[in-house]
Amino acid sequence: MANIMKNQQDHKKRKSSIFFLILIGIASTIWFLIRVIPKPSRAAYPCMRAAAPFMSAFIIYLLSFGTTVFTFKKFKQNFAKSKYLSGSVFLVVAILSFSIYLFQDSKESIARTFIGLDDTFPVPSNEPVGEAKGLFPGRVVWVYDQDATNEEYDPGSAGNDWWYSHNNVDQDVVEQMLSTAVMQYAGNDDISKAWEAIFKSFNSSHGRGENGYTAGEKIAVKINLTNQCCSSSERMDATPQLLNALLHELTVNAGVQESDITLGDPYRDFRAEYVNIVMSEFPDVNYVDGKGGNGVIQTIPSENEVLVFSDKEIKSTLPQCYLDASYLINMPCLKTHNAGGITIIAKNHMGSFLEKGSDPRSQYAQAMHYSLPGITTGQKKYRHLVDFMGHEQTGGKGLLYIVDGIWAGEDWSGWIKKFKSEPFNNDYPNSILIGQDPVALESVCFDILFEECLSDETKETYPISFKNEVADYLLQCASADYWPDNISYDPEDDSSLLESLGVFEHWNNASDKKYSRNLGIGDGIELIYIDLAELAINTVGAEQVNLAAPNPFSSYTTFTLPKDLSPNTKLAVYDLSGSMVNLMTYDGSGNIMWYGDDSQGRLLIPGLYIYIISDKIKNILYSGKVSISNR
């Protein structure tokens, strides 16, 4: 009975899908013809580019269906008159046209038919372009923990128990994920010193001296609340628990006063769920959006058009809170995009765009879509995303970039789906990725989303469809060698051209996920992947101690054997992915001197490591953390 009911429901859904396909096809065709016939140049408009695939799909759908009906009728007539040869020809044509009709009846098949997908990545593996940035140049830390979200959560049947509730996101796990990411990025297991190192690195690279955070300096946090303007709560945006984790880090571990932090998506809505979960925990932070009210401040745009897009077509104000801040933390979500291919760091600043004189309550950045990957195809084309990435008030103030992959969205609208690729294995992404090199971080996210589209044909194909164009803007961010011939990127319009904004690279393969610094073959990206749930298994039952000195160290550290352990006790060192990198024995000595190398004598990359001292005779375990600083 259950199967019968399911089949009936599937049949109804199929009929509804066909009905809506026809309805959308008719509307798109009429709209396209009304707009384009009087003025053919309108065919290049973004809205026309969006309507064209639906119109084309509809027309092919009608032609294939009509041809099938006509030729099958002719086949029957010819066979009835014993005209077998001509009847067979009509039968073949009918079969071919019916195949096209069936092939059209799926979203992904339509997309793949029109776009002609090629699943090879647009650039070779491990050939970095650009200049790596950050405290550890090109370093990206990816922390994964399958326990961050409720695997049983189903967006379609959750009722009012939305994705952002504490029932579906574990606040403690998310906080541990972020603090681990920060410490591993900075190569220091003292979280406060890790934040100090991040601030010092930024200030040093911006000509401010070797200084950490100074009390009173302002920090702006740009989050992504795309769907808060125009949808109910089933579509994902920034994860509130990750916002809480970041505010905790800044106020407790980095020493920033709540009142010196401004957080929001300047021209979207900071809705009730964020007020209830985030503002209630950190009431003195300045929260901004396009409307204001209920404790939220309406965003004030800058008085002048400080952002001049480098094709000189459009100018924009920027939120005044950016101009007032010393630092900016860019916190996008992990999403694909129907016109952008991916929507990560650069495109997150579409929410910072506002034409002078426009009302913040009705910000509409559609004017800037014309140079997105899915709209302007080809290579060495003008990409306004480069201007966003490089402007002195956006990327120029980028202290840290944090990609929110706790959930992940399909399409700009953020429909929540599980990921099939490794390491997700049909669970939610449960990930946080951080770094100070925005191009490197976008590169890693591009690899992740590209692989996910290859692994799950039900997902939209945007990272594959517009792969060359996504690579185009990342290459342009990385090096002026890839700029269009007629464009010089100068978003401040002060004749000071952008230099390399970071390094772009493709990993070696989707299984190993290694970049040139991981492989020791180049100066590109270094990806540190950490599976917290797997790592925790290694230290179960171990007493936490600190037996390494000095710690952190640059040349060597010494592990002292605890007095209660046997002489042949083992010392194992693990990286943060949970893999053992070295195994040593005390051999009757009271100390082990470790030079930060693996079991083959090769020096390990700077960062945080876990060690376990185990005495199998007495069944005693000690565990601790040791950090290799910059050599």
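Structure: above.
Before going into details, it helps to say that this report is about the structure given with it. Quantities reported herein were computed from a predicted structural model and do not represent experimental measurements.

## Considerations on the sheet that holds strand 18 (residues 548-549)
Here's step 1: Strand order in this open sheet of 3 strands is 18-19-22, and the pairing throughout is antiparallel. Among the strands making up the open sheet, the edge pair consists of strand 18 and strand 22 (591-594).
Here's step 2: For strand 19 (residues 557-560) and strand 22, the ladder comprises 4 bridges, and the chain directions are antiparallel. Paired with T558 across the two strands is M593, which belongs to strand 22.

## Some points on the pattern of salt bridges
Here's step 1: For the structure shown, the criterion picks out 17 salt bridges.
Here's step 2: A salt bridge links K291 to D269; its shortest N-O distance comes to 3.3 Å. Here the residue K291 occupies a position in the loop between strand 5 (286-289) and strand 6 (297-298), and D269 occupies one in the loop between strand 4 (261-264) and helix 8 (272-279), the gap between them amounting to 22 residues.
Here's step 3: On the accessibility criterion, D269 (13% relative accessible area) is buried.
Here's step 4: The salt bridge partner of R602 is D598, with a shortest N-O separation of 2.9 Å.
Here's step 5: Judged by its relative accessible area of 11%, D598 falls in the buried class.

## Side note on the side chain of D260
Here's step 1: Following the sequence through the fold, D260 ends up in the loop between helix 7 (240-253) and strand 4.
Here's step 2: With relative accessibility at 9%, the residue D260 sits in the buried group.
Here's step 3: At a separation of 2.8 Å, a polar atom in the side chain of D260 contacts the side chain of K218.
Here's step 4: Apart from the residues lying within four places of it in its own chain, the contact partners of D260 are Y213, G216, E217, K218 and I219.

## Digging into a nonpolar patch on the surface
Here's step 1: A cluster of nonpolar side chains, namely Y556, M593 and Y595, defines an oily patch on the protein surface of about 300 Å² accessible area.
Here's step 2: Topologically, Y595 is positioned in the loop between strand 22 and strand 23 (607-615).
Here's step 3: A relative accessible area of 42% places Y595 in the partly exposed class.

## Points about the layout of surface pockets
Here's step 1: In this model, the second largest pocket occupies a volume close to 950 Å³.
Here's step 2: If you go around the second largest pocket, you meet 34 residues; those closest to its centre are K514, N518, L527, D575 and I605.
Here's step 3: Elements with a contribution of two residues or more to the lining of the second largest pocket: helix 15 (516-519), strand 16 (526-531) and strand 23.
Here's step 4: In terms of residue count, the dominant contributor to the lining of the second largest pocket is strand 16 (4 residues).
Here's step 5: In terms of residue class, the lining of the second largest pocket is made up of 16 nonpolar, 8 polar and 10 charged.

## Focus: the packing of helix 12 (residues 438-455) against helix 14 (residues 467-478)
Here's step 1: Between helix 12 and helix 14, the shortest axis-to-axis distance is 10 Å and the interhelical angle comes to 165 degrees. The angle between helix 12 and helix 14 falls in the class roughly antiparallel. Of the two possible hands of crossing, helix 12 and helix 14 adopt the one that is left-handed. Residue-level contacts link V439, E442, F446 and F450 of helix 12 to K467, V470, A471, Y473, L474 and C477 of helix 14.

## A few points about the environment of L400
Here's step 1: Here L400 is to be found in strand 12 (residues 398-410).
Here's step 2: L400 gets classed as buried once you look at its relative accessible area, which sits at 0%.
Here's step 3: Expressed as a C-alpha distance, the spacing of L400 and G435, which sit 35 residues apart in the sequence, is 6.0 Å.
Here's step 4: When near neighbours in sequence (up to four residues on either side) are disregarded, L400 contacts W195, L328, I329, N330, G435 and Q436.

Reading the values: rules and limits
Residues numbered from 1 in each chain as written. Predicted model: local features only at pLDDT ≥ 70, side-chain atom pairs only at ≥ 80, totals over all residues. Heavy atoms only, no water. Pairing = 2+ DSSP bridges. Helix = DSSP H or I, 4+ residues; strand = E, 2+ residues; numbered from the N terminus. Salt bridge = Lys/Arg side-chain N within 4 Å of Asp/Glu carboxyl O. Buried < 20%, exposed > 50% of the residue type's maximum accessible area, 1.4 Å probe, protein only. Polar contact = N/O pair within 3.5 Å; in protein donor to acceptor, adjacent residues only side chain to side chain. Contact = heavy atoms within 4.5 Å. Patch = residues over 30% accessible without salt bridge, like charges linked within 9 Å, V, L, I, M, F, W, Y side chains within 5 Å. Areas by Shrake-Rupley, 256 points an atom, 1.4 Å probe, with all protein chains shown as cover. 1 Å grid on protein atoms, 1.4 Å probe; cavity = no way out; pocket = protein on both sides within 12 Å on 5 of 7 lines; lining within 4 Å. Points joined across faces, edges and corners; volume = space filled by probe spheres on them. Nonpolar A, V, L, I, M, F, W, Y, C, P; charged D, E, K, R; others polar. Axes fitted to C-alpha atoms, helices over the stretch in contact; angles between N-to-C directions. Parallel < 35°, antiparallel > 145°, perpendicular 65-115°, else oblique. Left-handed = near helix turned anticlockwise from the far one by under 90°.

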